[in-house]
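Listed below, chain by chain, are the residues.
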Amino acid sequence: MNLNIGCGPNGQIENFVNIDNSKAVLLAHCLLLKKILYKLRIINKQKYEAHWKGVRWMDASRCLPFRTESVSKIYTSHFLEHVPLEKGKLVLAECYRVLKNGGVIRLVLPDLLWHAKRYVTAVEKILNGDVEKYSSYAHDRFLNSIYGAYLKTVRYGLEHCYMYDVPTILCLLRKTGFTHIRVVAFREGEDSELGQYDNRPEDSLHVECWKNAYPIDTGKTSAK
Ligand SMILES: C[S@@+](CC[C@H](N)C(=O)[O-])C[C@H]1O[C@@H](n2cnc3c(N)ncnc32)[C@H](O)[C@@H]1O
């Protein structure tokens, strides 16, 4: 069994258990209600047309309902930052528990460093007079990207509750028990499959890690 955690709309992976806790997953089973909500303009066209077929509704910040060492691969992209740090640690511990020995998880996360650099560049442009008038746009965009859940009172899980950078996530993964950890590039990595599902090149960091051992066929033995 393979998992795709926080798959989002239209993000399902074939032959994976695709998980998301959006109410839209439940609404996808009630087509008439969905149509009424759209006609009443309670949901917009994008939400109306979003494709959630095959997605299993599940709050992944709680214990995962899978047996210990029953999962071969986990893919999760732009999900972990949607839960607070303490719950994020629980998610990683649960991923570790359900993975088989030699199983792999690929995490794709928005990178705090990328967002910080973008903020600094934008503010320096303003202060250098390169842009015509003062605006709080760069400031608001930065805060919203790292602190969105606290700035807006929207459904839990919609906005970012935390933001990782490479040192932080590597430290957490090690504390969780992962030993074979690699920072990899967009659509690259040692697992021949998972990288192909990446779809957010710009602001993301990508990490692959294995539980206890590399799969035998990679021939790798060293840990970073
Ligand atoms: C930014 S989207 C990412 C979608 C997709 N993986 C991608 O990379 O484009 C984050 C998704 O995580 C889901 N999510 C947030 N908190 C969750 C939770 N506790 N359990 C399961 N899914 C969650 C949201 O509903 C949303 O669909």
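Bear in mind that the values here come from a model prediction, so they are computed numbers and not experimental data. (Residues numbered from 1 in each chain as written. Predicted model: local features only at pLDDT ≥ 70, side-chain atom pairs only at ≥ 80, totals over all residues.)

Asker: Let's hear about the overall build of the protein chain: which residues, and what values?
Answerer: Scanning the protein chain for helices and strands turns up 7 helices and 7 strands. Counting from the amino terminus, helix and strand elements in the protein chain follow one another as β-β-α-α-α-β-β-α-β-α-α-α-β-β. The globule rule puts the C-alpha radius of gyration for 224 residues at 17 Å, and the 19 Å found for the protein chain is close to it. By its C-alpha atoms, the protein chain is 60 × 50 × 30 Å across when sized along the principal axes. Counting across all 224 residues of the protein chain, residues that qualify as buried make up 29%. Sequence-distant contacts in the protein chain: of pairs separated by 6 or more residues, those separated by 24 or more amount to 72%. (Helix = DSSP H or I, 4+ residues; strand = E, 2+ residues; numbered from the N terminus. Rg over C-alpha atoms; globule rule 2.2 N^0.38 Å. Buried ≥ 20, exposed ≤ 12 C-beta atoms within 10 Å, placed from the backbone. Contact = placed C-beta atoms within 7 Å.)

Asker: How would you explain the nonpolar core if you had to name every residue and give the values?
Answerer: By size, the foremost hydrophobic cluster in this structure holds 40 residues, and its most contacted members are Ile-74, Cys-95, Ile-105, Leu-107, Leu-109 and Cys-209. Those elements giving two or more residues to this core turn out to be strand E1 (2–5), strand E2 (17–20), strand E4 (71–77), helix H4 (85–98), strand E5 (99–110), helix H6 (137–151), helix H7 (166–176) and strand E7 (204–210). In terms of residue count, E5 provides more of this core than any other element does, 6 residues in total. Counting contributing residues, this core receives three or more from each of domain 1 (2–21 + 58–110 + 164–210) and domain 2 (112–158). (Core = buried A, V, L, I, M, F, W, Y, C linked by C-beta atoms within 7 Å. Domains from an automatic or database assignment.)

Asker: Account for the sheet that holds strand E6 (residues 180–184), with residues named and values stated.
Answerer: Spatially, the 7 strands line up as an open sheet ordered E3-E2-E1-E4-E5-E7-E6, and their pairing is mixed. With one partner strand each, in any of the chains shown, strand E3 (56–57) and E6 form the two edges of the open sheet. Direction of pairing for E2 relative to E3: parallel, over a ladder of 2 bridges. Bridge assignment links Ile-19 to a residue of E3, and that residue is Arg-56. Contacts from H4 reach E4 and E5, with the element oriented near 150° to E5. (Pairing = 2+ DSSP bridges. Axes fitted to C-alpha atoms, helices over the stretch in contact; angles between N-to-C directions.)

Asker: Help me get a handle on the environment of Gly-148, residues and values and all.
Answerer: Tracing the sequence through the fold places Gly-148 in helix H6. Distance from Gly-148 to Val-83, taken between C-alpha atoms, is 11 Å for residues 65 residues apart in sequence. Setting aside residues up to four positions removed in sequence, Gly-148 forms contacts with Glu-159 and His-160.

Asker: Go over the packing of helix H5 (residues 112–127) against H6, please, and point to the residues and values.
Answerer: How two helices sit against one another is set out by the angle between their axes and by the gap between those axes. Two elements in contact, H5 and H6, have axes whose closest approach is 9 Å; the angle formed by their N-to-C orientations is 170°. In terms of axis orientation, H5 runs roughly antiparallel to H6. From H5, Leu-112, His-115, Tyr-119, Ala-122, Val-123 and Ile-126 reach across to H6, where they touch Ala-138, Phe-142, Ser-145 and Ile-146. (Parallel < 35°, antiparallel > 145°, perpendicular 65-115°, else oblique.)

Asker: Can you break down unusual backbone geometry residue by residue, with the values?
Answerer: At Glu-69, a position not held by glycine, the phi torsion is positive, near 55°. Along the polypeptide, Glu-69 turns up in the loop between E3 and E4. One non-glycine residue with positive phi stands out, namely His-78, at about 50°. Positionally, His-78 belongs in the loop between E4 and H4. Exposure remark for His-78: the 18 C-beta atoms within 10 Å place this residue in the partly exposed category.

Asker: An account of the domain arrangement of the protein chain is requested, with residue identities and associated values reported.
Answerer: In terms of domains, the protein chain is made up of domain 1 (2–21 + 58–110 + 164–210) and domain 2 (112–158). Here the C-alpha centre of domain 2 lies 26 Å away from the C-alpha centre of domain 1. Residue-level contacts link 7 residues of domain 1 with 6 residues of domain 2.

Asker: Give a detailed account of the confidence of the model for the protein chain, specifying residues and quantitative values.
Answerer: Residues of the protein chain with pLDDT of at least 70 account for 93%, and the chain-wide mean is 89. At the level of individual helices and strands, the protein chain shows its lowest average pLDDT in helix H3 (residues 45–49), which scores 80, and its highest in E1, which scores 98. Across residues 216–224, where pLDDT falls below 50, the model places 7 contacts with residues more than four positions away in sequence or in other chains. (pLDDT = per-residue confidence, 0-100.)

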